[in-house]
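As a plain string of letters, each chain reads:
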Amino acid sequence: MSASNAIIEVKDLTKTFGEKTVVDQLTMDIQPGQLYAFLGPNGSGKTTAIRMMCGLIPPTSGGGVCAGFDIATQADQIKPLLGYMTQHFSLYPDLTVRENLEFVCRLYGVSDVKGRVNDLIEQFAFHDLGRDKQQVGTLSGGWKQRMALACAVSHRPKLLLLDEPTAGVDPKAREAFWDILQEVTASGVSALVSTHYMDEAMRSNRLAYMLYGRLLVDDKPENVLRNCALVSVQVDLLKAVDLVAVGRDPRVVRMARLGNSVRVVARSQDDVDGWIKDRLGDAAGHTTEIDVGLEDIFFHLTLQQQGTNTSF
Ligand SMILES: Nc1ncnc2c1ncn2[C@@H]1O[C@H](COP(=O)(O)OP(=O)(O)OP(=O)(O)O)[C@@H](O)[C@H]1O
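Rules and cut-offs
Residues numbered from 1 in each chain as written. Predicted model: local features only at pLDDT ≥ 70, side-chain atom pairs only at ≥ 80, totals over all residues. Heavy atoms only, no water. Disulfide = S-S within 2.5 Å. Buried < 20%, exposed > 50% of the residue type's maximum accessible area, 1.4 Å probe, protein only. Axes fitted to C-alpha atoms, helices over the stretch in contact; angles between N-to-C directions. Helix = DSSP H or I, 4+ residues; strand = E, 2+ residues; numbered from the N terminus. Parallel < 35°, antiparallel > 145°, perpendicular 65-115°, else oblique. Left-handed = near helix turned anticlockwise from the far one by under 90°. Contact = heavy atoms within 4.5 Å. Nonpolar A, V, L, I, M, F, W, Y, C, P; charged D, E, K, R; others polar. Domains from an automatic or database assignment. Buried area = accessible area lost by both parts, 1.4 Å probe. Salt bridge = Lys/Arg side-chain N within 4 Å of Asp/Glu carboxyl O. Polar contact = N/O pair within 3.5 Å; in protein donor to acceptor, adjacent residues only side chain to side chain. Phe/Tyr/Trp six-rings, centres within 6.5 Å; stacked < 30°, edge-to-face > 60°. Lys NZ or Arg CZ within 6 Å of the ring centre and 35° of its normal.

## Here we look at the state of the cysteines
Piece 1. Inspection of the entire model under this criterion finds zero disulfides.
Piece 2. Counting only cysteine sulfurs, Cys 66 is the nearest neighbor of Cys 54, a cysteine outside any disulfide, at a range of 4.7 Å.
Piece 3. For Cys 54, a relative accessible area of 0% corresponds to the buried category.

## Some words on the packing of helix α3 (residues 97-107) against helix α5 (residues 141-153)
Piece 1. Viewed as axis vectors pointing N to C, α3 and α5 meet at an angle of 25°, and their least axial separation amounts to 9 Å. Here α3 lies roughly parallel to α5, going by the angle between them. Along this stretch, α3 crosses α5, giving a crossing that reads as right-handed. Along its contact with α3, which presents Val 97, Asn 100, Leu 101 and Val 104, the element α5 presents Met 147, Ala 150 and Cys 151.
Piece 2. Grouping the constituent residues of the contact of α3 with α5 by class yields six nonpolar, one polar and no charged.

## Thoughts on the environment of Ser 111
Piece 1. Relative to the helices and strands, Ser 111 is located in the loop between α3 and α4 (113-123).
Piece 2. Look at Ser 111 and you get exposed, because its relative accessible area is 62%.

## Some words on the domain arrangement of the chain
Piece 1. Per the domain assignment, the segments making up the chain are domain 1 (8-221) and domain 2 (228-306).
Piece 2. Between the C-alpha centres of domain 1 and domain 2 there is a distance of 37 Å.
Piece 3. With 12 residues of domain 1 at the contact, the number on the domain 2 side is seven residues.
Piece 4. Overall, the association of domain 1 and domain 2 removes approximately 860 Å² of surface from exposure, summing both partners, and the carbon and sulfur fraction of that is 76%.
Piece 5. By the criterion of area lost to domain 2, the three top residues of domain 1 are Met 198, Tyr 209 and Tyr 212, representing 49% of everything that side buries.
Piece 6. Remark: the boundary between domain 1 and domain 2 carries zero salt bridges.
Piece 7. Viewed at the interface, domain 2 and domain 1 are joined by three residue pairs in polar contact (both at pLDDT 80 or more).
Piece 8. Sorting the residues of the side of domain 1 that touches domain 2 by element identifies α7 (198-202), β9 (206-211) and β10 (214-219) as the ones contributing at least two each.

## What about the packing of aromatic side chains?
Piece 1. Scanning all chains against the criterion turns up four aromatic pairs.
Piece 2. Between Phe 126 and Trp 143, the ring centres sit 5.7 Å apart and the planes meet at 55°, which makes this aromatic pair tilted. Placement of the pair is Phe 126 in the loop between α4 and α5 and Trp 143 in helix α5, with a sequence separation of 17 residues. Considered together, Phe 126 and Trp 143 belong to a single accessibility category, that of buried residues.
Piece 3. Seen from their ring centres, Tyr 209 and Phe 298 are 4.2 Å apart, and the 0° between their planes marks the pair as stacked. Of this pair, Tyr 209 sits in strand β9 while Phe 298 sits in helix α11 (residues 294-306), and the two are 89 residues apart along the sequence. Across this residue pair, the class does not change: Tyr 209 and Phe 298 are buried.
Piece 4. Among the aromatic residues, ring-to-ring pairing joins Phe 124, Phe 126 and Trp 143 into one connected group.
Piece 5. The residue whose ring lies beneath Arg 174 is Tyr 197, and the NZ or CZ to ring-centre distance is 3.7 Å.

The structure is reproduced here in C-alpha cells:
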C-alpha cells in the first residue's frame, strides 16, 4: 500500500460468505474531508464493503489501511477514530437532548464533557426552541436523525460511517441533515454515507455505485453525469397508447408515463427518434429533451450487468 494522506485506501478487498462473493475485489480510496456517497440496490454489498474498509469485519482477501492502520490486524486502533450511525440507532427517549449528549460523551471518554456538549448544541442548532431541554423521545424524526449525527461526531472521529441516515425522513429534514453533514466534512472529517436518494448523491464530493459486489462507478457526481451518453425525452401522447407493448423494445432503456406524456431514456438520439417513429407513430406529439439523472445511469448500468437491454 502506498504512503498517502488517504483516510481509507483499500485494494482488491473481497468478502465471501460460504459460496457467495458479496464484495468482489474492491479498490478505492477516500481522502480527508471527502463526503462519499455509497449507492446500489439492496443486497449489493455496500454495508459489507463499508464495514470491511473500517476493520469492523475482516476481508476474505485483499487489504488496506484506515486512518493509517491496517484494517485486518489493527481494528482496535481504528474503532476509536470512527463515528457510526446506523438506521437503527438507539437514544434514550426519556433523557433530554443535552442528557443524551452528555451520556454519549462520557461513554467515549471525551474530556471537558460540558464544553463539548455546549459546542454540539450550538453546532446542531438544538438551542432553537429549547430543543436541548426536550426529551429525545418527543423529537420529530428529522431532529432524531440530527441527534444521532451529533452523537456520532461527539468524540471528534476522523471518519463517519452513516448507513442510510435519512431513510424515512421528509425532504426538508433530509436537506437540513445534509447541510450539517457538509459542514462537518468541511472541517476535515471524512464521511461514507450509504443512501438510496439521488439528490443526496448529487450533494456528495464523490459517489460509488455497487452492484453484485462490484464497484461500477467511482467518480464525482458531475463527472458521472457529464460522461453519460444516454438521451432522455418527454413525448406528448395525442392518443391512447399501450406503453407496455411499445416499450418492449431494445432501444428503450427506461420508460415512464407522466400524465398524458411518456418519458423515455435511450442510448442514443437515433434510438429515440427511431423508436418514436416506429412505435408511437401518429400518437407522438411534441417532444422535449429532458435531463438524464443519476437514477437513469444506474438503471442502465444494472441492465448492462444483467445482460438485458431493456426492463420491459
Ligand atoms: N454475515 C453474513 N452472512 C451471510 N450473508 C451475509 C452476511 N452479511 C451480509 N450478507 C449478504 O451479503 C449481501 C450483501 O449485503 P449488504 O448488507 O452488504 O448489502 P447492502 O448493499 O448494504 O444492502 P442494503 O441496501 O439492503 O442495506 C446480501 O445478500 C446479504 O444477505
